[in-house]
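What the coordinates show
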Amino acid sequence: MKLSKYLIPTLKELPADADTLSARLMLRAGLIRKVAAGLYEWLPLGLRVLKKVEQIIREEMDRVNGQEVWLPVLQPRELWDETGRWQVYGKELVRLKDRKDTDFCLAPTAEEVITDLVRREVRSYRELPLLLYQFGTKFRDEIRPRFGVMRAREFYMKDAYSFHADEADLGRMYQDVFEAYNRIFSRCGLAFRPVEAETGAIGGNFSHEFMVLADTGEETIASCEVCGYAANVERAEALPPHVKDEDDMADIEEVDTPDTWTVEDVARLLKVSADKMIKTLFYVADEKPVVALVRGDHELNEAKLQRLLDAKILHKASDEVYQQTAGCDVGYAGPVGLNAVIVADHAVSDVVNGVSGANKKDKHLININVGRDYKPSRYADIRKVQEGDLCPRCQKTFLFHKGIEVGHTFMLGTKYSQAMRAGFLTDKGEKTPFVMGCYGIGVSRIVAAAIEQCHDGNGIIWPEHLAPFDVIVLPLNVSEPALMTTAEKIYHDLKAKGLAVLLDDRDCRAGVKFKDADLLGIPWRVTVGEKKLAVGKAELKKRSSSEIEDVDIDQVTERVSSAKFLGNDISIDENAIIK
RNA sequence: CGGGGUGUAGCGCAGAUGGUAGCGCGCUUGGUUCGGGACCAAGAGGUCCAGGGUUCAAGUCCCUGCACCCCGACCA
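Below: a short report on this structure. (Residues numbered from 1 in each chain as written. Chains lettered and ligands numbered in written order. Predicted model: local features only at pLDDT ≥ 70, side-chain atom pairs only at ≥ 80, totals over all residues. Heavy atoms only, no water.)

**Observations regarding the sheet that holds strand S18 (residues 354–357)**
Picture the strands of a sheet paired through backbone hydrogen bonds; they go either parallel or antiparallel. The antiparallel open sheet is built from 3 strands, whose spatial order is S13-S19-S18. Only two strands of the sheet have a single partner each, and these edge strands are strand S13 (253–256) and S18. The sheet shows a mean angle of 30° between the axes of neighbouring strands, taken without regard to direction. Across 4 bridges, the pairing between S18 and strand S19 (residues 363–368) is antiparallel. Residue pairing in the sheet places Gly357 in a bridge with His364 of S19. (Pairing = 2+ DSSP bridges. Helix = DSSP H or I, 4+ residues; strand = E, 2+ residues; numbered from the N terminus. Axes fitted to C-alpha atoms, helices over the stretch in contact; angles between N-to-C directions.)

What follows is the structure, encoded as structure tokens:
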């Protein structure tokens with residue numbers, strides 16, 4: 001491809017609203033342009049990278065016997081009503097009507113449609129297991145799109161769904177896909193880590209996220225270097241401390257705390273530490289009010305609470321609920337004398353002579369004690385793990401990292417097949433619901449994550465398997481015929497070797513070409529300049545290295561084509577794949 | 001949804017006290033240059049986000065709306 005005729009609008013200055021490094025570089029290198037908040041156009045160069053990622057995923061999915069399909073983006077409400085997700089999914093689901101006023105949504109994921117397909121077409125255990133996947137545009141009306149294509153409202157995703165006769169078979173497939181995912185992200189040249197994860201709106205009972213490690217990541221991972229346990233902080237188990245305070249119980253007392261309601265302020269006013277405070281939070285779980293207690297220095301983990309209560313929808317209670325139940329505002333609520341279902345975090349039970357709101361304006365209670373003054377309905381792990389917490393398996397201090405979620409696998413079980421009455425006949429002739437798994441990869445997000453991980457001050461440094469082109473050839477002076485002829489010959493020879501080559505045939509100064517070549521991040525650069533050409537040489541440089549090598553003109557093609565991917569391919573353990 | 005901010009040339013921005021719409025980059029043409037974003041000259045390019053109002057006169061002042069960005073709440 002000749003650069004002079006290729007749409008690569010590189011930018012010296014960057015658009016003001018680009019908020020992360022990868023977004024800035026994607027705009028500057030001419031990979032994408034923004035149309036509206038969270039909506040992007042992929043230009044030729046960007047699309048080439050996207051297609052590279054797609055092909056790697058396709059190969060690995062096929063390797064574990066996945067079958068590619070293509071499902072509609074516009075999906076009828078009736079299917080979403082069957083699983084209840086038309087209600088549960090919330091505002092993120094883009095809803096619209098057709099000309100006949102029938103409700104539809106734009107697919108944020110495709111469990112309903114695929115389950116509908118399989119329930120109509122698959123009858124027997126003999127046809128299982130089945131792994132179907134697709135690539136396609138997904139829509140999620142994010143509250144706040146940001147970070148370029150990383151959190152866009154419309155994005156490109158690979159989603160896969162598997163159907164099984166039983167849990168054991170799902171377990172085998174889950175393992176296969178898990179390994180396929182490891183290969184995919186390795187081939188993409190990413191430093192990543194699979195972690196245990198929350199299941200969120202997709203549901204199911206077991207799930208992993210694949211996190212690309214990057215400081216700009218939105219997710220936080222807690223990991224233990226001793227036993228290898230790693231989980232999203234949304235999921236990570238907290239170890240109950242069991243260092244019950246030694247103090248004797250003192251008499252409960254009401255104290256004045258005018259205009260003081262945050263944990264920090266109350267603790268300062270009463271001269272107690274935050275871990276003596278009991279935070280009292282009101283929630284509504286499937287329309288039933290629930291009170292959650294966590295220690296003042298801890299944070300409630302809503303996902304844990306929701307899972308514990310087995311609630312479809314969980315949200316913070318409104319001020320009215322506080323008034324009705326506690327008779328006061330949020331900051332003055334407390335568990336003593338409260339007539340409600342109370343769930344307490346394990347750590348709360350160890351607090352002796354604690355402090356909480358008195359359920360009266362401007363009043364708190366001191367010296368409150370579990371058992372004597374209030375009685376939670378149940379204890380559970382409902383807090384977020386935090387800095388300093390210990391691994392529940394081996395009591396070693398957790399490490400925390402930032403990550404970008406690029407893949408997510410779920411063991412769904414029968415959540416969707418039961419709701420949609422999707423089943424098959426067993427060898428005994430019994431109708432049984434499919435056991436399902438689902439597996440997603442954010443294809444467009446991988447592109448951004450790769451840049452986030454691989455760049456320098458001059459631009460992108462593509463991992464070789466993702467690079468839009470393998471080589472860029474720079475004739476430094478296009479008006480010099482000998483130089484141009486040589487450059488074009490190298491260009492054609494490289495192409496003949498099957499490499500993707502970009503020829504910078506623009507009539508501009510050398511500096512501009514060097515700057516753009518660095519910005520674009522093409523792995524190999526061949527420079528044809530007059531001085532070196534006079535002695536029959538061209539310059540060869542890897543984008544990832546600062547070394548420049550002079551190579552005989554007629555050796556260039558051989559050098560590049562033989563070096564491509566050398567030492568950069570990952571070893572694949574064929575035995576790990578279950579056929 | 002709450003708080004804050006911004007909308008002026010393709011991009012980045014400037015346009016006190018209302019009075020002929022500007023700069024840098026990019027683009028076009030010509031010339032000189034030519035190994036890390038050259039220089040000179042001449043050009044093209046604007047419903048100043050939209051609608052309403054005040055005024056002899058609005059990019060500028062006043063309403064209303066929209067879009068976008070940031071922080072928070074929320075969320076595979």
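**Brief notes about the packing of helix H1 (residues 21–28) against helix H11 (residues 443–453)**
H11 packs onto H1 with a crossing angle of 105° between their chain directions and a minimal axis gap of 8 Å. When the interaxial angle is binned, H1 and H11 end up roughly perpendicular. Contact with H1, carried on its side by Leu21, Ser22, Leu25 and Met26, involves Val447, Ala448, Ile451 and Glu452 of H11 and no other residues of that element. Broken down by class, the residue content of the contact of H1 with H11 amounts to 6 nonpolar, 1 polar and 1 charged. (Parallel < 35°, antiparallel > 145°, perpendicular 65-115°, else oblique. Contact = heavy atoms within 4.5 Å. Nonpolar A, V, L, I, M, F, W, Y, C, P; charged D, E, K, R; others polar.)

**Re the protein's contact with RNA strand B**
In the vicinity of RNA strand B, 38 residues are found, and the nearest of them are Glu92, Arg140, Lys316, Asp518 and Glu539. Put simply, 45% of the atoms of RNA strand B that lie within 4 Å of the protein are in sugar or phosphate. In the environment of RNA strand B, a base oxygen lies 2.8 Å from a nitrogen or oxygen atom belonging to the side chain of Arg509. Between RNA strand B and Asp518 there is a distance of 2.4 Å, counted from a base nitrogen to a side-chain nitrogen or oxygen. Here the surface near RNA strand B gets 7 residues from one element, more than from any other, and that element is helix H13 (residues 510–520). (Near = heavy atom within 4 Å. Polar contact = N/O pair within 3.5 Å; in protein donor to acceptor, adjacent residues only side chain to side chain.)

**Considering the side chain of Ser356**
Inspection of the secondary structure assignment puts Ser356 in strand S18. Those residues in contact with Ser356, other than ones at most four positions away along the chain, are Ile278, Gly334, Pro335, His364, Leu365 and Ile368.

**Remarks on the sheet that holds strand S31 (residues 548–552)**
Sheet architecture is open: 5 strands sit in the order S28-S27-S29-S30-S31, paired in mixed fashion. In the strand order of this sheet, the two ends are held by strand S28 (501–503) and S31, each with one partner. Between one strand axis and the next, the sheet turns through 25° on average, direction left out of account. Alignment of strand S27 (residues 471–475) against S28, held across 3 bridges, turns out to be parallel. Its bridge partner being in S28, Ile472 is matched across the sheet by Leu502. Here helix H12 (residues 481–496) sits on the sheet in contact with S27, S28 and strand S29 (524–528), set at roughly 170° to S27.

**As for the nonpolar core**
Counting residues in hydrophobic clusters, the biggest one holds 67 residues, and the most contacted among them are Leu31, Tyr181, Phe185, Tyr439 and Trp462. The element contributing the most residues to this core is helix H6 (residues 167–187), with 9 residues. Contact partners of Trp462, with chain neighbours within four places excluded, come to Leu31, Val49, Val447, Ala450, Ile451, Ala467, Pro468, Leu520, Gly521, Ile522 and Pro523. One finds Ala110, Val113, Ala422 and Met436 within the second-largest nonpolar core, a separate group that totals 26 residues. (Core = buried A, V, L, I, M, F, W, Y, C linked by side-chain atoms within 4.5 Å. Buried < 20%, exposed > 50% of the residue type's maximum accessible area, 1.4 Å probe, protein only.)

**Overview of the environment of Pro392**
Summarising the element assignment, Pro392 is placed in the loop between strand S20 (378–380) and strand S21 (399–413). Along the backbone, Pro392 and Tyr229 are 163 residues apart, and their C-alpha atoms lie at a distance of 9.1 Å. What Pro392 contacts, discounting residues up to four positions off in sequence, is Glu237, Leu239 and Phe398.

**Focus: the side chain of Thr527**
Structurally, Thr527 is set in strand S29. At 3.4 Å, the side chain of Thr527 forms a polar contact with the side chain of Arg525. Not counting chain neighbours up to four residues away, the residues in contact with Thr527 comprise Leu474, Leu476, Phe514, Ala538 and Glu539.

**Focus: the pattern of salt bridges**
Applying the stated criterion across every chain, the model contains 49 salt bridges. For Lys304, the salt bridge identified is with Asp381, shortest N-O distance 3.1 Å. In this pair, Lys304 sits in helix H8 (residues 302–309) while Asp381 sits in the loop between S20 and S21, placing the two residues 77 residues apart along the sequence. Across the pair Lys489 and Asp493 runs a salt bridge whose closest N-O atoms are separated by 2.7 Å. Placement of both Lys489 and Asp493 in helix H12 is noted, with a separation of 4 residues, approximately one turn of the helix. Overall, Lys489 belongs to the exposed group, its relative accessible area being 51%. Given a relative accessible area of 28%, Asp493 falls into the partly exposed group. (Salt bridge = Lys/Arg side-chain N within 4 Å of Asp/Glu carboxyl O.)

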